[in-house]
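What follows is the residue order along each chain.
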Amino acid sequence: MSTVHDDPAPFPVASDVRSLRDGTFTADLRSEWSIGTHPHGGFLLTLLARAAVAALAEQGEPHLEPLTVSAEFLRPPAVGPVLLRTDVRKVGRRTTVVAVTLEQRGRVCVEARVTVGRLPVRPPVWNDAPAMPADPPPNAVSLTVERSQGVFHLAQGCEVRLDPATAGYLAGREGDPPRMRLWARPREGGSDAYFSLLACDINPPVVFNLGGAGGWAPTTQLTALVRTRPQPGWLRIQVESRSVQEGWFDSDAVVADARGRIVCQARQLALTALH
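Per chain, the residues get numbers from 1 upward, laid out in the order the sequence is written. Where local features are concerned, this predicted model is filtered to residues with pLDDT of at least 70; where side-chain atom pairs are given and counted, the filter is 80 or more; whole-chain, interface and lining totals use all residues. As a rule here, side-chain values cover all heavy atoms of the structure and leave hydrogens and water aside.

Asker: Describe the overall build of the protein, listing the residues and the values that go with them.
Answerer: Helix and strand counts for the protein stand at three helices and 16 strands. The globule rule used here is 2.2 Å times the number of residues to the 0.38 power, and the radius of gyration it is set against is calculated over C-alpha atoms. Against the compact-globule benchmark of 19 Å for 275 residues, the protein has a radius of gyration of 18 Å, which places it among compact chains. Overall size of the protein, expressed as C-alpha extent along the three principal axes, is 55 × 45 × 40 Å. When the 275 residues of the protein are sorted by exposure, 51% land in the buried category. Within the protein, contacts between residues separated by at least 24 positions form 68% of all contacts whose residues are at least 6 apart in sequence. The accessible surface values rely on the Shrake-Rupley method and a 1.4 Å probe; as for residues, cover is taken only from the protein chains in view. By element, 50% of the accessible surface of the protein is carried by carbon and sulfur atoms, the whole surface being about 13,100 Å². Counting rule applied: Lys, Arg positive; Asp, Glu negative; His and chain ends not counted. A charged residue contributes its charge at one atom only: NZ of Lys, CZ of Arg, CG of Asp or CD of Glu. Here the protein contributes 29 positive and 28 negative side-chain charges, whose respective centroids are spaced 6 Å apart. Elements are defined by DSSP. Helices are runs of H or I of four residues or more, strands are runs of E of two residues or more, and each kind is numbered from the N terminus. Between buried and exposed lies partly exposed: a residue is buried under 20% and exposed over 50% of the maximum accessible area for its type, with that area taken using a 1.4 Å probe on protein chains only. Contact between two residues is taken to exist if any of their heavy atoms lie within 4.5 Å; hydrogens are not considered.

Asker: Describe the packing of aromatic side chains, with residues and values.
Answerer: The aromatic pairing rule takes the rings of Phe, Tyr and Trp, using the six-membered ring of Trp, and pairs them if the centres are within 6.5 Å, calling planes under 30 degrees apart stacked, those over 60 edge-to-face and the rest tilted. Under the defined criterion, the tally for this structure stands at five aromatic pairs. On the basis of an interplanar angle of 75 degrees and a centroid distance of 6.4 Å, the ring pair of Phe11 and Phe43 is categorised as edge-to-face. Of this pair, Phe11 sits in helix α1 (residues 11-14) while Phe43 sits in helix α2 (residues 41-58); the two residues are 32 residues apart in sequence, bridging distant segments of the chain. Taken as a pair, Phe11 and Phe43 share a single burial class, namely buried. Every member of this aromatic cluster is reached through a ring pair, and the members are Phe11, Trp33, Phe43 and Phe195.

Asker: Let's hear about the environment of Ala253: which residues, and what values?
Answerer: Mapped onto the elements, Ala253 comes out in strand β15 (residues 248-256). Take Ala253: its relative accessible area is 3%, and that puts it in the buried class. Separated by 72 residues in the primary sequence, Ala253 and Arg181 have C-alpha atoms spaced 9.6 Å apart. Other than its neighbours up to four places away in sequence, Ala253 contacts Cys200, Gln238, Val239, Cys264, Gln265 and Ala266.

Asker: Give me the lowdown on the pattern of salt bridges, citing residues and values where you can.
Answerer: Between side chains of opposite charge, a pair can form when the charged atoms approach closely. Take a side-chain nitrogen of Lys or Arg and a carboxyl oxygen of Asp or Glu: if they are within 4 Å of each other, that pair is a salt bridge. If you walk through the whole model with that rule in mind, you get 14 salt bridges. The salt bridge partner of Glu32 is Arg30, with a shortest N-O separation of 2.5 Å. As far as burial versus exposure is concerned, Glu32 and Arg30 are alike and both buried. Connected through shared salt-bridge partners, Glu159, Arg161 and Arg185 make up one network.

Asker: For unusual backbone geometry, give the residues involved together with the corresponding values.
Answerer: Within the chain, His63 stands out as a residue other than glycine whose phi angle is a positive 65 degrees. Considering the arrangement of structural elements, one finds His63 in the loop between α2 and β5 (65-73). For His63, a relative accessible area of 69% gives the class exposed. Positive phi, normally seen in glycine, also occurs at Arg105, with a value near 55 degrees. When you line up the elements, Arg105 lands in the loop between β7 (96-104) and β8 (107-117). A residue is classified by how much of its surface remains accessible, and Arg105, at 56% relative accessible area, is exposed.

Asker: Please give an account of the nonpolar core that cites residues and values.
Answerer: The criterion is simple. A nonpolar core is a set of buried Ala, Val, Leu, Ile, Met, Phe, Trp, Tyr and Cys residues joined through side-chain atoms within 4.5 Å. Grouped together as the largest cluster of nonpolar side chains are 73 residues, with contacts concentrated most on Leu45, Leu48, Leu84, Leu102 and Ile202. Here this core takes 11 residues from α2, the largest share from any one element. Those residues in contact with Leu45 that sit more than four places away from it in its chain are Val69, Ala71, Leu197, Cys200, Leu222 and Ala224.

Asker: Talk me through a nonpolar patch on the surface; I want residue IDs and the actual numbers.
Answerer: On the surface, Trp248, Leu269 and Leu271 cluster together into a nonpolar patch covering about 250 Å² of accessible area. Locating Leu269 in the fold gives a position in strand β16 (residues 262-271). Only residues whose relative accessible area exceeds 30% and that form no salt bridge are eligible for patches; like-charged ones are grouped when within 9 Å, while nonpolar side chains (Val, Leu, Ile, Met, Phe, Trp, Tyr) are grouped when within 5 Å.

Asker: How would you summarise the side chain of Asn203 if you had to cite specific residues and measurements?
Answerer: Within the secondary structure, Asn203 sits in the loop between α3 (193-199) and β12 (219-226). What Asn203 contacts, discounting residues up to four positions off in sequence, is Leu182, Val239 and Ser251.

Asker: Explain the pairing of β7 residue by residue, including any values.
Answerer: The element β7 is extensively covered by neighbouring structure, given that eight of its nine residues are classed as buried. Two strands pair when backbone bridges link them, and strand β6 (residues 80-91) and β7 are joined in this way by eight bridges, in the antiparallel orientation. By the bridge assignment, Lys90 is partnered in β7 with Val97. With antiparallel pairing between neighbouring strands as the criterion, β6 and β7 make up a hairpin whose turn holds four residues. In the sheet, β7 pairs with β8 via nine bridges, with the strands oriented antiparallel. Bridge pairing links Glu103 to Val108 in β8. Between β7 and β8, which pair antiparallel one after the other, the connecting turn spans two residues, and Arg105 there sits at a positive phi close to 55 degrees. Pairing between strands is defined by DSSP: at least two bridges between the two strands are required.

Now the structure itself:
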């Protein structure tokens, strides 16, 4: 079973979940929010978070937001409809924990724990954000479907600009450090806590800089921390890997808003063809 979409949907519409009124929700994995034929991992995080928050709203807990999402990617779902099942595991005064599974055709594709509460609004006591300009510089490289060899379909729904000094693979260089700096924002509307979850995984795999750019780098585990609501403007993102070994690599992302406040942090373990 698949769903055909004629026009790209803006992020809030594409990541919407529809309640079945029993703690389960349906959603559509759309082709414009995918990498090649695989739905984007950060986009899946937003669906898991939305389902958790929506489940609590149905139980009389409105105005909550995701604080953390920790997901295990068991098998890749395909573009098309999915089912999200929620189970409230702990209710507290400051945080509530919801287990969420994303299923397709009767098989569990992603399992997650979502911690929900109220995001901080006051200025941080300490904020060590990446030293990047608020807006991408004129020489920043726009990441498009064409430039990504036809796989980065997210360019239909959001703008992404890469710092060319940290994207050597685009110039054919090999052996650059597995680090990238980039900027992102939705094409329609502004960034919110859910878009920051997408942004923490929006970069090309940092191992592309080491050599052999291209291919799929599937995530096995991804944990994201949402720190506050982003202010209007570009999100600036710094990503780096500390270790690439025997086909495995880590990827740590820090996402800051236009005011320089950290709005999301993420760490994931993924696979690469490099050994």
